[in-house]
Amino acid sequence: MKKELSPEQHEELLSTLKARFEKNTNRHKSIEWTKVQSKLEADKGKQWSLNEMERTGGEPDVVGFDKKTGEYIFYDCSAESPKGRRSLCYDREAHESRKEFKPESNALEMAADMGIELLSEEQYRELQQLGKFDTKSSSWVKTPANIRKLGGAIFCDRRYDTVFLYHNGAESYYAARGFRGSLRV
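Parameters and conventions
- Residues numbered from 1 in each chain as written.
- Predicted model: local features only at pLDDT ≥ 70, side-chain atom pairs only at ≥ 80, totals over all residues.
- Heavy atoms only, no water.
- Pairing = 2+ DSSP bridges.
- Helix = DSSP H or I, 4+ residues; strand = E, 2+ residues; numbered from the N terminus.
- Salt bridge = Lys/Arg side-chain N within 4 Å of Asp/Glu carboxyl O.
- Buried < 20%, exposed > 50% of the residue type's maximum accessible area, 1.4 Å probe, protein only.
- Axes fitted to C-alpha atoms, helices over the stretch in contact; angles between N-to-C directions.

## Details of the sheet that holds strand β1 (residues 60-66)
Read from one edge to the other, the open sheet built from four strands follows the order β1-β2-β8-β3, with strand pairing classed as antiparallel. At either end of the open sheet lies a strand with only one pairing partner, and these are β1 and β3 (117-118). The pairing of β3 with strand β8 (residues 181-184) spans two bridges and is classified as antiparallel. What sits directly across from L118, in β8, is G181.

## Considerations on the pairing of β8
Pairing of strand β2 (residues 71-76) with β8 involves three bridges; the strand directions are antiparallel. Bridge assignment links F74 to a residue of β8, and that residue is L183.

## Re the pattern of salt bridges
If you walk through the whole model with that rule in mind, you get 17 salt bridges. Of the charged contacts, one joins D157 and R159 as a salt bridge, the two residues approaching to 3.5 Å between their closest N and O atoms. Using a relative accessible area of 5% as the deciding quantity, one classes D157 as buried. Residue R159 is classed as partly exposed on the basis of its relative accessible area, which comes to 24%. The partner of D161 in a salt bridge is R158, with the nearest N and O atoms 3.0 Å apart.

## Structural notes on the sheet that holds strand β6 (residues 162-169)
On the basis of which strands lie adjacent, the open sheet formed by four strands has the order β6-β5-β4-β7 and mixed pairing. Both outer strands of the open sheet, β6 and β7 (177-179), are each paired with one neighbouring strand and no more. Averaged over all pairs of adjacent strands, the angle between strand axes in this sheet comes to 35°, irrespective of strand direction. Pairing of strand β4 (residues 138-141) with strand β5 (residues 152-159) involves three bridges; the strand directions are antiparallel. Bridging from a neighbouring strand, V141 pairs with I154 of β5.

This is the structure:
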């Protein structure tokens, strides 16, 4: 699959990202759009990944800047877990363990195919400082190896104005559970 945007897709993506950036300045105080755009223009692969985040309902936006690496950090900022990334078990092993009613895919492989990473619990909590997300849905987050080794996986959501961390069998999947991703540009 060609992982490059057409000129029209490129322009549409930049327009969408710029409008979201300008509408949500609380997410990225003291970051200038022109510098973000310059980084995006230089990396067609990252443009494609951001477009995949957008296409699947993630509404990616800049949430930070890493001074050490010089990278801008994008997270999925959709109000609820992205609709195009729901009803997924956690990873391939969990997917293969299901004998019947297998979901279409799994969160870790879908993220890798998109060129993004699942948010960690820490990143998810950082996101929740910028607004109220997943008040009706939930999102898989990176699961520590010791939990995954025992068959579990973790997910988060926001209820009662509090961010909760939960566990489930990694093979489980629900219509209201997806995953949020991050991308560094």
